[in-house]
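Here is what each chain is made of, one letter per residue.
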Amino acid sequence: MAQKSDAAYKTISEVSDMLSVPAHVLRFWEGKFSQLKPMKRSGGRRYYRQDDIALLGLIKTLLYDEGYTIKGAQASLSRRRRADSGQEPQQAAPLPPETPAAISAPRLAEAAGLLAQAQARLDRLIAQL
């Protein structure tokens, strides 16, 4: 079997294998990220362009590696698109890489509560010793 050119359109199964992400997750991301629009042929078969694959790689990085939520990743992609098109407001300071947009006050409060519960359990266990 001849190997496809790197510039050739890829099927969802090929992209799934390339990115190590299940095909159903790629289809889910299509519904959540408006920038992602693979070409669809009759019968609904998806074909991904190189730009689509690059965007999927970025989405995977934001969600899996950087810990963004879907909503946080959407906001990050929107900010990047505005910055790339020159529409980003001058006063908007980018977040430092170690502070993903997914970290919000409610999530921090939840984490603090869980830590307090864990500390209380540890204190009870130590008291039993």
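The preceding data block contains the structure.
Let us look at the structure shown here.

Conventions and cut-offs
Residues numbered from 1 in each chain as written. Predicted model: local features only at pLDDT ≥ 70, side-chain atom pairs only at ≥ 80, totals over all residues. Heavy atoms only, no water. Helix = DSSP H or I, 4+ residues; strand = E, 2+ residues; numbered from the N terminus. Buried < 20%, exposed > 50% of the residue type's maximum accessible area, 1.4 Å probe, protein only. Areas by Shrake-Rupley, 256 points an atom, 1.4 Å probe, with all protein chains shown as cover. Core = buried A, V, L, I, M, F, W, Y, C linked by side-chain atoms within 4.5 Å. Contact = heavy atoms within 4.5 Å. Phe/Tyr/Trp six-rings, centres within 6.5 Å; stacked < 30°, edge-to-face > 60°.

When helices and strands are tallied, the protein shows five helices and three strands. Taken from N to C terminus, the helices and strands of the protein fall in the order β-α-α-β-β-α-α-α. Residue burial in the protein is summarised as follows: out of 129 residues, 24% are buried. Of the accessible surface of the protein, which amounts to about 9200 Å², a share of 56% is contributed by carbon and sulfur atoms.

Here we take up the nonpolar core. The biggest cluster of nonpolar side chains holds 19 residues, and the ones touching the most others in it are V15, L26, W29, F33, Y48, L56 and I59. Of all the secondary structure elements, the ones that give two or more residues to this core are α1 (12-19), α2 (23-32), α3 (50-65) and α4 (70-85). With six residues, the single largest contributor to this core is α3. Setting aside residues no more than four positions away along its own chain, F33 makes contact with I59, I70, A73, Q74 and L77.

One pass over the full model with this rule turns up one aromatic pair. With a centroid separation of 5.9 Å and 65° between ring planes, the pair formed by W29 and Y64 is classed as edge-to-face. In this pair, W29 sits in helix α2 while Y64 sits in helix α3, placing the two residues 35 residues apart along the sequence. According to the relative accessible area criterion, W29 is buried, its value standing at 2%.

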